[in-house]
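Analysis of the macromolecular model
Each chain, written out:
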Amino acid sequence: MDKLKHFIDAHRDAFEDDIPPEGHFGRFDKRLPIASRKQIRWINVWAVAAAAVVTLFVFIRIVKEIKDVPMQQTKMYTCETQMEIEELRAYYNMQLTEVSAQIRTLYKNEQIPGGLELLEETKKVLKNSHEFEDAVLPTLPCSDAALFAMNQHYSNSLESLQIMLNQMEKAIQ
């Protein structure tokens, strides 16, 4: 065996350029037992199936991460907008409470003609505002459009109360 190895090592260039004769691999394949050939085919099928499953898993994972990124950004945007909505709601509620308290004080202290009607209208505006907070506000999306809608509603309510307060103050003078 050493002589053969020595001969191959000495004439390596001659062996590297030679192409095996036609049908060389076919002869080796025929010598293999039939079960081995089928087993090799099944191993190849399982390897391809495993590679397909891994590729599918990686693809699904990447798609899920791509979908989650905008969702995380939306949630972050929603949270920021939600804070603004709550701050806006608290601000306008304080303003509405202050103006309605001034109207009640004027009504109690002064006997103003039409004051009772203005006080009833004040209660309607406040009730409408509470209904807006309970029924409409939870259905609004957390976005700048919701902030705009809230601003419009509350500023209209506040303006109505301010007009009623001004009417009561004019009636006193």
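Computed from a prediction, not measured in an experiment: that's the story for all the values here.

**Considerations on the pattern of salt bridges**
Here the structure, examined in full by the defined rule, presents six salt bridges. Of the charged contacts in the structure, one is a salt bridge between Glu 86 and Arg 89, with a shortest N-O distance of 3.1 Å. Placement of both Glu 86 and Arg 89 in helix H4 (residues 34-109) is noted, with a separation of three residues, approximately one turn of the helix. On the basis of relative accessibility, which here comes to 35%, the residue Glu 86 falls in the partly exposed class. Under the relative-accessibility criterion, Arg 89 is labelled partly exposed at 25%. Here Glu 133 and Arg 89 are joined by a salt bridge, their closest N and O atoms 3.9 Å apart. Within this pair, whereas Glu 133 is found in helix H5 (residues 115-136), its partner Arg 89 is found in helix H4, the two being separated by 44 residues in sequence. Judged by its relative accessible area of 14%, Glu 133 falls in the buried class.

**Focus on the nonpolar core**
In a soluble, globular protein the nonpolar side chains are often hidden away together inside. Ranked by size, the top nonpolar core spans 23 residues in total, and within it Ile 103, Met 150 and Leu 161 carry the most contacts. Looking at this core, the elements with two or more residues in it are H4, H5 and helix H6 (144-172). Element by element, the count of residues in this core is highest for H6, at nine residues. Setting aside its immediate chain neighbours within four residues, Leu 161 contacts Leu 96, Val 99, Ile 103, Thr 122, Val 125 and Leu 126.

**Focus on the packing of aromatic side chains**
With the rule as written, the count across this model stands at three aromatic pairs. Note on Tyr 91 and Tyr 92: the rings are 5.3 Å apart at their centroids and 70 degrees apart in plane angle, and the pair reads as edge-to-face. Assessed through its relative accessible area of 9%, Tyr 92 is described here as buried. An aromatic cluster is defined as three or more aromatic residues linked by ring pairs; in this entry it consists of Tyr 91, Tyr 92, Phe 132 and Tyr 154.

**Quick notes on the side chain of Ser 129**
Inspection of the secondary structure assignment puts Ser 129 in helix H5. Contacts of Ser 129, omitting those with residues within four sequence positions, involve Asn 93, Leu 96, His 153 and Tyr 154.

**A look at the environment of Gln 162**
On the secondary structure map, Gln 162 appears in helix H6. Residue classification places Gln 162 among the partly exposed positions, given a relative accessible area of 33%. Sequence separation between Gln 162 and Ser 100 is 62 residues, and the spatial gap between their C-alpha atoms is 8.7 Å.

**Some remarks on the environment of Leu 119**
Mapping Leu 119 onto the fold places it in helix H5. Along the chain, Leu 119 and Ile 103 lie 16 residues apart, while their C-alpha atoms are 7.0 Å from each other. Not counting residues within four places of it along the chain, the set of residues in contact with Leu 119 comprises Ile 103, Arg 104 and Tyr 107.

**Section: the packing of H5 against H6**
Put simply, H5 and H6 touch, their axes get as near as 10 Å, and they point 170 degrees apart. Overall, the two elements H5 and H6 adopt an arrangement that is roughly antiparallel. Across the interface between the two elements, Gly 115, Leu 118, Glu 121, Thr 122, Val 125, Leu 126, Asn 128, Ser 129, Phe 132 and Glu 133 of H5 pack against Met 150, His 153, Tyr 154, Ser 157, Ser 160, Leu 161, Met 164, Gln 167 and Met 168 of H6.

**Topic: H6**
Taking 1.5 Å of rise per residue, 29 residues should cover 42 Å, and H6 covers 42 Å from first to last C-alpha, within 8% of that figure. Burial in H6 covers these residues: Ala 146, Leu 147, Met 150, His 153, Tyr 154, Ser 157, Leu 158, Leu 161, Met 164, Leu 165 and Met 168.

**Remarks on the confidence of the model for the chain**
Scored by pLDDT, the chain comes out at a mean of 76, with 81% of its residues at no less than 70. Note on residues 71-77: pLDDT is under 50 here. Beyond four places in sequence and across chains, it has three contacts.

What counts as what
- Residues numbered from 1 in each chain as written.
- Predicted model: local features only at pLDDT ≥ 70, side-chain atom pairs only at ≥ 80, totals over all residues.
- Heavy atoms only, no water.
- Salt bridge = Lys/Arg side-chain N within 4 Å of Asp/Glu carboxyl O.
- Helix = DSSP H or I, 4+ residues; strand = E, 2+ residues; numbered from the N terminus.
- Buried < 20%, exposed > 50% of the residue type's maximum accessible area, 1.4 Å probe, protein only.
- Core = buried A, V, L, I, M, F, W, Y, C linked by side-chain atoms within 4.5 Å.
- Contact = heavy atoms within 4.5 Å.
- Phe/Tyr/Trp six-rings, centres within 6.5 Å; stacked < 30°, edge-to-face > 60°.
- Axes fitted to C-alpha atoms, helices over the stretch in contact; angles between N-to-C directions.
- Parallel < 35°, antiparallel > 145°, perpendicular 65-115°, else oblique.
- Expected span 1.5 Å × (residues − 1).
- pLDDT = per-residue confidence, 0-100.

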